[in-house]
Amino acid sequence: MKNGRIKALKCRECEREYPPAKIHACEECFGPLEVIYDIDSINISKPVIEARSKTLWRYRELLPLEDETKIIDLGAGFTPLQECRRLAEILKMKKLYIKNDTVNPTGSFKDRPATVAISKSLEFRFRAVGCASTGNLAAATAAHAALAGLPCYVFIPSNTERGKVLQAAAYGAKIVAVRGTYDDANRLAAQAAYEFDWGIVNINVRPYYVEGSKTIVFEVCEQLGWRAPENIIIPVGSGALLCAIWRGLKQFRELELINGLKTRLIGAQPEGCSPIVKAFKDNSEDIFPVEKPETIAKSLAIGDPGDGIYALRAIKESRGLAEHATDKEIIEGMRLLAKTEGIFAEPAGGVAIAVLKKLIESGDIGRDEEVVCCVTGSGFKSLEIFSADAASIIEVEPNFSSLKNLAMLGGIVKYG
Ligand SMILES: *Cc1c(COP(=O)(O)O)cnc(C)c1O
Ligand SMILES: [Zn+2]
């Protein structure tokens, strides 16, 4: 099936337009390119979308693929929007939802951009694909490349969480562990893309890749009964997800799938790597890179965020906020979410919860406002953070007398 809805690629800096080809930067000013759709030619309705399969490809008219036979679909998207009564009660707020993206095929929201980018890489006939990753994109790209039958090369900083690296390797990817930061890994991957003509999903396939991420907010709107949320809290690394959410909301409004748009975007970063939050708080138009990110939220440890200034502009345009959280607050956020709502998140999710708690306590978010919190990755990928919990495991002999004397049974069990 032919899909002619892409109008052009447009430079985000000088607005020059290009035909939708295998390019990713403006030839004039080197600015990043974004996909522009021919919105008037798009004919979708709520019932048509609702009748489709429960993956993000239900919004395919707003995804940048020409040839639908190239779709590589592991089932990413259409994740639960969970109303959180217990956590809301503890935070003394009225309406809280978690968008639970931990349940994607490889355990993070990165399956969204990866399914689009690998499908597009097939369309472009790249003979190999890959990514530069802080961890989650590695597994997402590797898994989709496996299904596509394409060789995959993953560039990661050598201090990436073991669980994430081993997961990517299990899907058959070749892992290149760079002794340096994410920014170093990113530079090397960019050279590989150029020299070897590989489809590095978040570099030379980036204009298409980032389109996958906006589906998270398409789903939120649909799940709220076709309306936009009042506030949405988004963990921020490069800023790509936040920008994609803003673009997605505007597209839904343009297509009249939602009425009006008053959503406030709230960017959440770990304190040890929060260049966008710092610029917001300092009321600066520029982002000053963090040389050596230091945080347990490794998936957000991007010192020089590629979409930083655009993310900052989107936050301001939405009259939103940006806030950071310390490692201690992040771990508390992860525990709180797991213990109240049964959702096991990685640190990036903890950042979102910690920032929610801070902004409720400071009054920047009113207690009667509605909040959607994006929990973007699974705790299974960073289990080492919970290793201290092993100390509270109690061993027993395999008999009842050994069990009934345990203090941990507390007052819950009646016996005697
Ligand atoms: C990549 C990632 C983010 C943030 O993504 P950016 O688009 O780089 O801002 C958030 N959460 C998790 C778990 C991620 O892996
Ligand atoms: Zn340009």
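Up top is the structure.
Residues take numbers from 1 onward in each chain, read along the sequence in its written order. The order in which chains are written sets their letters, starting at A; the order in which ligands are written sets their numbers, starting at 1. The predicted origin of the model limits local features to residues at a pLDDT of at least 70 and limits the giving and counting of side-chain atom pairs to 80 or more, whereas totals for whole chains, interfaces and linings rest on all residues. The basis for every side-chain value is the complete set of heavy atoms in the structure, and neither hydrogens nor water enter the calculation.

Peer 1: Describe unusual backbone geometry, naming the residues involved and giving the relevant values.
Peer 2: For Phe30, which is not glycine, the phi torsion reads 65° and is therefore positive. For the purposes of this entry, the term helix denotes a DSSP run of H or I that reaches at least four residues, the term strand denotes a run of E that reaches at least two, and both are numbered from the N terminus. By the element assignment, Phe30 lies in the loop between β2 (17–18) and β3 (33–37). Positive phi, normally seen in glycine, also occurs at Phe78, with a value near 45°. For Phe78, the location among the structural elements is in the loop between α1 (46–50) and β4 (81–83).

Peer 1: Give a detailed account of the packing of aromatic side chains, specifying residues and quantitative values.
Peer 2: Working definition: a ring pair exists when centres of Phe, Tyr or Trp rings (six-membered ring for Trp) sit within 6.5 Å. Plane angles under 30 degrees give stacked, over 60 give edge-to-face, the rest tilted. With the rule as written, the count across this model stands at 10 aromatic pairs. With centroids separated by 5.4 Å and ring planes inclined at 75°, the aromatic side chains of Phe124 and Tyr208 adopt a geometry described as edge-to-face. Of the two residues, Phe124 sits in the loop between α3 (111–123) and β6 (129–132) while Tyr208 sits in helix α7 (residues 206–209), which places them 84 residues apart along the sequence. Take Phe124 and Tyr208: they sit in the same class, and that class is buried. Taking 5.4 Å as the distance between ring centres and 85° as the angle between the ring planes, the aromatic pair formed by Phe344 and Phe380 counts as edge-to-face. Of this pair, Phe344 sits in the loop between α12 (327–341) and α13 (347–362) while Phe380 sits in the loop between β13 (370–375) and α14 (400–404), and the two are 36 residues apart along the sequence. Think of it in three bands: with a 1.4 Å probe and only protein chains considered, a residue is buried below 20% of the maximum accessible area for its type, exposed above 50%, and partly exposed in between. Owing to a relative accessible area of 26%, Phe344 belongs among the partly exposed residues under this scheme. Judged by relative accessible area, Phe380 falls into the exposed class, the value being 63%. Two conditions define a charge located above a ring, namely a distance within 6 Å from the ring centre to NZ of Lys or CZ of Arg, and an angle within 35 degrees of the ring normal. Between the NZ or CZ atom of Arg12 and the centre of the ring of Tyr310, over which it lies, the distance is 4.1 Å. Seen from the ring of Phe126, Lys22 lies directly overhead, with NZ or CZ sitting 4.4 Å from the centre.

Peer 1: Residue-level account of the coordination of the zinc ion (ligand 2), with values.
Peer 2: Listed donors are limited to N, O and S atoms within 2.8 Å of the metal, widened to 3.2 Å for Na, K and Ca; water is not among them, so incomplete-looking sites are possible. On the protein side, the zinc ion (ligand 2) has Cys11 (SG), Cys14 (SG), Cys26 (SG) and Cys29 (SG) as donor atoms, found 2.3 Å from it. Bound by 4 donor atoms, the zinc ion (ligand 2) shows angles of 99 to 119° at the metal and therefore tetrahedral coordination geometry. Judged by its relative accessible area of 1%, Cys26 falls in the buried class. Every geometry call rests on angle ranges, with four donors termed tetrahedral when all angles are between 85 and 135 degrees, four termed square planar and six termed octahedral when opposite donors are over 155 degrees apart and all others are between 65 and 115, and everything else termed irregular.

Peer 1: Tell me about the side chain of Thr115, and name the residues and values.
Peer 2: For Thr115, the location among the structural elements is in helix α3. According to the relative accessible area criterion, Thr115 is buried, its value standing at 0%. When near neighbours in sequence (up to four residues on either side) are disregarded, Thr115 contacts Leu56, Trp57, Ile72, Asp73, Ala76 and His144. Two residues form a contact once any of their heavy atoms are found within 4.5 Å.

Peer 1: Lay out the environment of Val277 in plain terms, naming residues and giving numbers.
Peer 2: Mapping Val277 onto the fold places it in helix α10 (residues 275–281). Residue Val277 is classed as buried on the basis of its relative accessible area of 1%. Dropping the residues within four chain positions of it, Val277 is found in contact with Gly267, Gln269, Ala322, Glu323 and His324.

Peer 1: A description of helix α6 (residues 182–196) should follow, citing residues and the corresponding values.
Peer 2: One less than the residue count of a helix, multiplied by 1.5 Å, gives the span that helix is expected to have. Spanning 15 residues, α6 covers 21 Å between terminal C-alpha atoms, matching the ideal 21 Å at 1.5 Å per step. For α6, every residue scored as buried is listed here: Tyr182, Asp183, Ala185, Ala189, Ala192 and Ala193. In this structure, the buried side of α6 is in contact with β6, β7 (152–157), β8 (174–178) and β9 (199–200). In this structure Thr181 caps α6, since a side-chain oxygen of it lies 3.3 Å from the backbone nitrogen of Asp183. Positive phi shows up at Asp197, right after α6, with a value of about 55°. A 3.5 Å cut-off defines polar contacts: any pair of N or O atoms within that distance qualifies, except that in protein one atom must be a possible hydrogen donor and the other a possible acceptor, and neighbouring residues in sequence count only when both atoms are side-chain atoms.

Peer 1: Report on the sheet that holds strand β1 (residues 6–11), specifying residues and quantitative values.
Peer 2: Read from one edge to the other, the open sheet built from 3 strands follows the order β2-β1-β3, with strand pairing classed as antiparallel. Bordering the open sheet on either side are β2 and β3, each of which pairs with just one other strand. Both β1 and β3 contribute to a ladder of 5 bridges, which runs antiparallel. Within β3, the residue paired with Cys11 across the bridge is Leu33. Strands were regarded as paired on the criterion that DSSP finds at least two bridges between them.

Peer 1: Residues and numbers for the site of ligand 1, please.
Peer 2: For each residue, the test is whether any non-hydrogen atom lies within 4 Å of the molecule or strand; if one does, the residue is near. Near ligand 1 lie 16 residues; those nearest to it are Lys110, Asn136, Gly237, Ser238 and Thr376. Contacts to ligand 1 include Ser238, whose side-chain N or O atom sits 2.7 Å from an oxygen atom. Contact distances for ligand 1 include 3.3 Å between an oxygen atom and a backbone N or O atom of Ala240. Each accessible area is a Shrake-Rupley result for a 1.4 Å probe, and residues are judged covered by the shown protein chains and nothing else. Out of a free accessible area of 380 Å², ligand 1 has 96% covered by protein chains. Classifying every residue of the shell around ligand 1 by side-chain character gives 7 nonpolar, 7 polar and 2 charged. Residue polarity is assigned by list, with Asp, Glu, Lys and Arg as charged and Ala, Val, Leu, Ile, Met, Phe, Trp, Tyr, Cys and Pro as nonpolar; anything else, Gly included, falls into the polar class.

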